[in-house]
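# Examination of the molecular architecture
Residues per chain, in single letters:
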Amino acid sequence: MSKGKLGLGVALTDDRVTGLITDGDIRRAMERWQAQFFNKTVSDIMTRTPKTVLPGTKITEIQRIMHEHKIHTVLVVDEANRLLGVVDHYSCML
């Protein structure tokens, strides 16, 4: 998702969210595993339980979640955990 300048990728299995990997996750993994980093998989590095919200979630609640968990993005999913979109810190400030 670099095109959108979010610095993240979403892992999907059967169209359902199974993880999230950010540029920060990659940087921390490189620091932690150094030369062994190149043998790691996305599954080794990703966050397996990313923060998600339903489409009807109010922006104030999304901001609270991001602040509480010190994150910059939240995934928007449907009831079946299918990805519908991404809300980032900056889009909440419009």
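Heads up: the structure comes first, above all this text.
The following paragraphs examine the structure supplied in this document.

Scoring rules and cut-offs
Residues numbered from 1 in each chain as written. Predicted model: local features only at pLDDT ≥ 70, side-chain atom pairs only at ≥ 80, totals over all residues. Heavy atoms only, no water. Helix = DSSP H or I, 4+ residues; strand = E, 2+ residues; numbered from the N terminus. Buried < 20%, exposed > 50% of the residue type's maximum accessible area, 1.4 Å probe, protein only. Polar contact = N/O pair within 3.5 Å; in protein donor to acceptor, adjacent residues only side chain to side chain. Contact = heavy atoms within 4.5 Å. Pairing = 2+ DSSP bridges. Patch = residues over 30% accessible without salt bridge, like charges linked within 9 Å, V, L, I, M, F, W, Y side chains within 5 Å. Areas by Shrake-Rupley, 256 points an atom, 1.4 Å probe, with all protein chains shown as cover. Salt bridge = Lys/Arg side-chain N within 4 Å of Asp/Glu carboxyl O. Core = buried A, V, L, I, M, F, W, Y, C linked by side-chain atoms within 4.5 Å.

Relative to the elements of secondary structure, aspartate 25 occurs in helix α1 (residues 23-33). By relative accessible area, which is 12% here, aspartate 25 ends up buried. In terms of polar contacts, aspartate 25 uses its side chain to reach the backbone amide nitrogen of threonine 22, at 2.9 Å. Apart from residues lying up to four places away in sequence, aspartate 25 is in contact with Leu20, Ile45 and Thr47.

This paragraph deals with the sheet that holds strand β4 (residues 73-77). Across the sheet, three strands lie side by side as β3-β4-β5; this open sheet has mixed pairing. Only two strands of the sheet have a single partner each, and these edge strands are β3 (52-53) and β5 (83-88). Note that β3 and β4 share two bridges and pair parallel. By the bridge assignment for β4, valine 53 is matched with valine 76.

Another aspect to go through is the environment of glycine 7. Structurally, the position occupied by glycine 7 is in the segment before β1 (8-13). Accessibility expressed as a relative area gives 22% for glycine 7, which makes it partly exposed. Spatially, the C-alpha atom of glycine 7 lies 18 Å from that of leucine 84, the residues being 77 residues apart in sequence.

Nonpolar side chains collect at one region of the surface, where Ile26, Met30 and Phe38 lie side by side and expose about 310 Å² of accessible area between them. Relative to the helices and strands, phenylalanine 38 is located in the loop between α1 and α2 (42-45).

With that settled, the discussion passes to the nonpolar core. Val53, Ile62, Ile65, Met66, Val74, Val76, Val87 and Cys92 form the largest nonpolar core, which has eight residues in total. Among the elements of the structure, α3 (59-69) and β4 are those that each provide at least two residues to this core. Looking at this core element by element, the count peaks at three residues for α3. Those residues in contact with valine 87 that sit more than four places away from it in its chain are Ile62, Met66, His72, Thr73, Val74, Val76 and Cys92. Within the second largest apolar cluster, seven residues are counted, among which are Ala11, Ala29, Phe37 and Met46.

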